[in-house]
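Each chain is listed here by its residues.
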Amino acid sequence: VQLVESGGGLVQAGGSLRLSCAASGRTFSDYAMGWFRGKEREFVAAISRSGGSTEYADSVKGRFTISRDNTNDTVYLQMNSLKPEDTAVYYCAADRFHGTVRTVPGSYDYWGQGTQVTVSS
């Protein structure tokens, strides 16, 4: 599956951004999806194949929301109340094999190229 992120940019602290990740090539609903950030691929959020289960890093709980549209083969990350420490390259990833939501980057099989998010103070 091919993944293409979009929606990154420069925003002031306290602002919002919505990232999108468009998938192609395979049946999107067969994949659990995750968002990670930075060179170390820090876990941000993940969502199950159906969208019925989600998981968030403690650092983003209450501020970020992950969702998916299996009709349009897209996963989203709504980011509110952004902080300078949220600055990073954000990557979406697809997990074909695990039945539960995973927070470890090694569980994911496919990755997008990333989109830069910069939060100014």
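Residues numbered from 1 in each chain as written. Predicted model: local features only at pLDDT ≥ 70, side-chain atom pairs only at ≥ 80, totals over all residues. Heavy atoms only, no water.

**Q** Could you clarify how one ought to interpret the overall build of the chain in this entry?
**A** Each helix and strand counted, the chain has 0 helices and 11 strands in total. Start at the N end of the chain and walk to the C end: the helices and strands fall as β-β-β-β-β-β-β-β-β-β-β. Looking at the chain as a whole, 44% of its 121 residues are labelled buried. Pairs at least 24 apart in sequence give 58% of the contacts found in the chain among residues at least 6 apart. (Helix = DSSP H or I, 4+ residues; strand = E, 2+ residues; numbered from the N terminus. Buried < 20%, exposed > 50% of the residue type's maximum accessible area, 1.4 Å probe, protein only. Contact = heavy atoms within 4.5 Å.)

**Q** Please explain the sheet that holds strand β7 (residues 64–69) as it appears in this structure.
**A** Backbone-to-backbone hydrogen bonds pair the strands of a sheet. The strands run either parallel or antiparallel. Pairing in this open sheet of 4 strands is antiparallel, and the strands run β1-β3-β8-β7 from one edge to the other. Looking along the sheet, the strands with just one partner apiece sit at the ends: β1 (2–6) and β7. On average, adjacent strands in this sheet sit at an angle of 15° to one another, irrespective of strand direction. Pairing between strand β3 (residues 17–24) and strand β8 (residues 74–79): 6 bridges, direction antiparallel. By the bridge assignment, R18 is partnered in β8 with Q78. (Pairing = 2+ DSSP bridges. Axes fitted to C-alpha atoms, helices over the stretch in contact; angles between N-to-C directions.)

**Q** How do you make sense of the state of the cysteines when you look at a structure like this?
**A** Any covalent bond linking the sulfur atoms of two cysteines counts as a disulfide. Scanning the entire structure with this criterion turns up 1 disulfide. Sulfur-sulfur distance for the disulfide between C21 and C92 comes to 1.9 Å. Negative torsions about the S-S bond denote left-handed disulfides, and the value of about 45° found for C21 with C92 makes this one right-handed. Taken as a pair, C21 in strand β3 and C92 in strand β9 (residues 88–95) lie far apart in primary sequence, 71 residues in all. When sorted by exposure, C21 lands in the same class as C92, which is buried. (Disulfide = S-S within 2.5 Å.)

**Q** Help me understand the pattern of salt bridges in this model?
**A** In this structure the tally under the stated criterion is 4 salt bridges. In this structure, K61 engages D58 in a salt bridge whose closest nitrogen and oxygen atoms are separated by 3.2 Å. Given a relative accessible area of 48%, K61 falls into the partly exposed group. It is possible to trace a salt-bridge network through shared partners that takes in R37, E42, R63 and D86. (Salt bridge = Lys/Arg side-chain N within 4 Å of Asp/Glu carboxyl O.)

**Q** Can you walk me through the packing of aromatic side chains in this structure?
**A** Pairs of aromatic rings are described using the distance from one ring centre to the other and the angle between the two planes. All told, the structure shown has 5 aromatic pairs when counted by the stated rule. Taking 5.1 Å as the distance between ring centres and 55° as the angle between the ring planes, the aromatic pair formed by F36 and W111 counts as tilted. Of this pair, F36 sits in strand β4 (residues 32–37) while W111 sits in strand β10 (residues 110–111); the two residues are 75 residues apart in sequence, bridging distant segments of the chain. Judged by its relative accessible area of 28%, W111 is partly exposed. Through successive ring pairs, a cluster of aromatic residues spans F36, F43, Y108 and W111. The positively charged end of R18 is found above the aromatic ring belonging to Y76, 3.9 Å away from the centroid. The side chain of R41 reaches across the aromatic face of Y91, ending 3.7 Å from its centre. (Phe/Tyr/Trp six-rings, centres within 6.5 Å; stacked < 30°, edge-to-face > 60°. Lys NZ or Arg CZ within 6 Å of the ring centre and 35° of its normal.)

These figures come from the coordinates and say nothing about function on their own.
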